[in-house]
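Okay, here's what each chain looks like letter by letter:
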Amino acid sequence: MSTTITTDQVRHSLSQVKDPEIGKTLLELGMIKDIAIDGVNVTVTVELTTAACPLKSTIESDCRQAVTNGIPEAGAVTINLTARDQETPSELLPGVKNIIAVGSGKGGVGKSTVSANLAVALTRLGHKVGLLDMDFYGPSIPAMLGIAPDHKPTVKDDRIIPVEKHGVHVISIGFFLEEESPVIWRAPMVHAALKQFIEDVNWGELDYLILDLPPGTGDIQLSMVHMLPVTGALIVSTPQDMALLDAKKAVSMFQACSVEVLGIVENMSYHICPQCQHQSYLFGEKGARKYADERKIPFLGDLPLEFQVREAGDEGNPFYLALDEENHIHNKFHRIATNLKASVDVRNQTKPAPQPLSAQSASGCGGGHGH
Ligand SMILES: Nc1ncnc2c1ncn2[C@@H]1O[C@H](COP(=O)(O)OP(=O)(O)OP(=O)(O)O)[C@@H](O)[C@H]1O
């Protein structure tokens, strides 16, 4: 008696197989690209985000096992792994795979702290990372990373080479300004400076380019989305009502510009008294988490208000490096970085490659700006 295996059967047998890193099923992520049946032999084509996926052998064996267990009558089971050409070779940044904008509605909520530590954490996870400090009004990244004032970018073959610190390739407007000199940045200047940081800097090959934005929803944000294919935005907020209100505006702006909001980080969420260990919610409780849940935006994690965080920032030694791996703040941030990575992977698996707004049709995001 001959057996007929159907694609539905194969699909059903694969329905529980998850991407081990992202935690969602391969079917949900659209990674099962093809199912071919030849008699009793089954061939499944799985598309990975990147050919260098470290967990590809796990994915392969999980799929094989699922089909073999789910369809005992199956003969040879072949799992073909292909890689999606997910890079968005932007004309401006051909070697950069993912551009992550870190924004906030309000100033002083810890956006630069998150950007600097995120960059460092991603390098420790084995990625090539660039960090562009676009906070034209108060560039704090060089100080936070402990880059000495005389440590400036160099020029080679007419291109600017970023400063490397803690494994992160850094460019900051702060490198090019006289200290203490107030600069009034008008929109065309902002646009030109950003263009120069993108066009004239040799960023090389990067897995992630992190953009530390100024607070708010102003000219830099608009120039950025018009010029660059931004993979997504990470929003930092405190739980305080005022900060949250502004964070919501930032979320709306990114969404209006078709930029995916990859997640929200709640900073200064609570404080633990060093004497009695009592946990107090100085700025209100879990406001950003609740908002993220309501809007179905990934909540990447929270960070306490801690002396060590500020001290590490002031000393130019990011807390992710200053605190050992057992430390709860280090641990919390590690989770934030891995959650962000997962959010980027989900975005890249489920959505088309990002495009600069200038390449898209008109939008509700100040369309036409920067032209
Ligand atoms: N969780 C925290 N605990 C204690 N201090 C913190 C924490 N997060 C940030 N800080 C401190 O708060 C100050 C402001 O942080 P940061 O510069 O990262 O904010 P920002 O949102 O980038 O500000 P701006 O909008 O002015 O650029 C810094 O001194 C920083 O060290």
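Residues numbered from 1 in each chain as written. Predicted model: local features only at pLDDT ≥ 70, side-chain atom pairs only at ≥ 80, totals over all residues.

- The chain appears in an unreviewed UniProt entry as Iron-sulfur cluster carrier protein from Desulfurispira natronophila.
- The Function (unreviewed entry) comment attached to the chain in UniProt states, word for word, "Binds and transfers iron-sulfur (Fe-S) clusters to target apoproteins. Can hydrolyze ATP." (UniProt positions renumbered as here; feature names shortened; annotations may be inferred.)

## A word on the nonpolar core
- With 78 residues, the main nonpolar core has Leu 209, Ile 210 and Leu 211 as its most contacted residues.
- If we ignore the near neighbours within four places in the chain, the residues touching Ile 210 are Ile 100, Val 102, Ser 115, Leu 118, Ala 119, Val 129 and Leu 131.
- Core analysis: the next-biggest nonpolar cluster, separate from the first, contains 17 residues, Leu 14, Leu 26, Met 31 and Ile 71 among them. (Core = buried A, V, L, I, M, F, W, Y, C linked by C-beta atoms within 7 Å. Buried ≥ 20, exposed ≤ 12 C-beta atoms within 10 Å, placed from the backbone. Contact = placed C-beta atoms within 7 Å.)

## Some remarks on the domain arrangement of the chain
- Examined at the domain level, the chain breaks down into domain 1 (7-83) and domain 2 (96-359).
- Residue-level contacts link 8 residues of domain 1 with 6 residues of domain 2. (Domains from an automatic or database assignment.)

## Some points on helix α5 (residues 187-199)
- Helix length check: α5 (13 residues) gives 18 Å between terminal C-alpha atoms against 18 Å at 1.5 Å per residue, within 8%.
- Where the residues of α5 are buried, they touch β5 (129-133), β9 (168-172) and α6 (219-227). (Helix = DSSP H or I, 4+ residues; strand = E, 2+ residues; numbered from the N terminus. Expected span 1.5 Å × (residues − 1).)

## Here we look at the sheet that holds strand β3 (residues 77-83)
- Pairing is mixed in the open sheet, where 3 strands are placed in the order β1-β2-β3. Edge positions in the open sheet fall to β1 (32-38) and β3, since each of these has one partner strand only. Averaged over all pairs of adjacent strands, the angle between their axes in this sheet comes to 15°, without regard to strand direction.
- One ladder, built from 6 bridges, connects β1 with strand β2 (residues 41-48); its direction is antiparallel. Bridge pairing in β2 links Ala 36 to Thr 43. (Pairing = 2+ DSSP bridges. Axes fitted to C-alpha atoms, helices over the stretch in contact; angles between N-to-C directions.)

## Quick word on the confidence of the model for the chain
- Chain-level statistics for the chain give a pLDDT mean of 87 and a share of 91% at 70 or above.
- Within the model, the stretch residues 367-371 combines pLDDT values under 50 with 9 contacts to residues more than four positions away or in other chains.
- The ipTM for the predicted assembly is 0.98, set against a pTM of 0.80. (pLDDT = per-residue confidence, 0-100.)

## Some words on the environment of Gly 263
- Among the structural elements, Gly 263 can be located in strand β12 (residues 261-266).
- When the C-alpha atoms of Gly 263 and Ile 297 are compared, they prove to be 5.7 Å apart, with 34 residues separating the residues in sequence.
- Aside from chain neighbours lying at most four places away, what touches Gly 263 is Leu 234, Ile 297, Pro 298, Phe 299, Leu 300, Asn 339, Leu 340 and Ser 343.

## Concerning the site of the ligand
- Lining the immediate environment of the ligand, one finds 20 residues, of which Gly 107, Gly 110, Ser 112, Thr 113 and Gly 313 sit closest.
- Put simply, the parts of the chain that give the shell around the ligand at least two residues each are α3 (111-124) and α9 (307-315).
- Looking at the shell around the ligand residue by residue, the class counts come to 6 nonpolar, 10 polar and 4 charged. (Near = placed C-beta within 6 Å. Nonpolar A, V, L, I, M, F, W, Y, C, P; charged D, E, K, R; others polar.)

## Looking at the UniProt feature "binding site: ATP" (unreviewed entry) in the chain
- The residues that UniProt annotates with the feature "binding site: ATP" (unreviewed entry) are Gly 105, Lys 106, Gly 107, Gly 108, Val 109, Gly 110, Lys 111 and Ser 112.
- Structurally, Val 109 is set in the loop between β4 (96-103) and α3.
- Look at Val 109 and you get buried, because 26 C-beta atoms sit within 10 Å.
- Each residue touching Val 109, except ones within four places of it in the same chain, is listed here: Ser 104, Val 236, Ser 237, Thr 238, Ala 243 and Asn 267.
- Considering the arrangement of structural elements, one finds Ser 112 in helix α3.
- The exposure class assigned to Ser 112 is buried, which follows from the 26 C-beta atoms found within 10 Å.

## Here's the deal with the packing of α3 against helix α11 (residues 328-350)
- Closest axis-to-axis distance for the α3/α11 pair is 10 Å, and the angle between their directions is 75°. For the element pair α3 / α11, the angle class is roughly perpendicular. Between α3 and α11, the residues in contact are Asn 117, Leu 118, Ala 121 and Leu 122 and Phe 333, His 334, Ala 337 and Leu 340, respectively.
- Looking at side-chain class alone, the contact of α3 with α11 contains 6 nonpolar, 2 polar and no charged residues. (Parallel < 35°, antiparallel > 145°, perpendicular 65-115°, else oblique.)

## Overview of the packing of α5 against α6
- Where α5 contacts α6, the axes come no closer than 9 Å and their chain directions differ by 45°. Classified by the interaxial angle, the pair formed by α5 and α6 is oblique. The handedness of the crossing between α5 and α6 comes out as right-handed. Where α5 abuts α6, its residues Ala 187, Val 190, His 191, Leu 194, Lys 195 and Ile 198 lie against Asp 219, Ile 220, Ser 223, Met 224 and Met 227.
- When its residues are assigned to classes, the contact of α5 with α6 shows 7 nonpolar, 2 polar and 2 charged. (Left-handed = near helix turned anticlockwise from the far one by under 90°.)

## Focus on the pairing of strand β10 (residues 206-212)
- For β10, a buried count of 7 out of 7 residues is recorded, marking the element as mostly surrounded by other parts of the structure.
- In this sheet, β10 lies alongside β4 in parallel orientation, the contact comprising 6 bridges. Its bridge partner lying in β10, Ile 100 is registered against Ile 210.

## Remarks on the sheet that holds β5
- The 8 strands are arranged β8-β9-β5-β10-β4-β11-β12-β15 in an open sheet whose pairing can be described as mixed. The sheet terminates laterally at β8 (163-165) and β15 (299-302), the two strands that pair on one side only. When strand polarity is set aside, the average angle formed by the axes of neighbouring strands in this sheet is 25°.
- Sheet topology places β12 next to β15; 3 bridges connect them, and they run parallel. Residue pairing across strands places Ile 264 opposite Phe 299, the latter belonging to β15.

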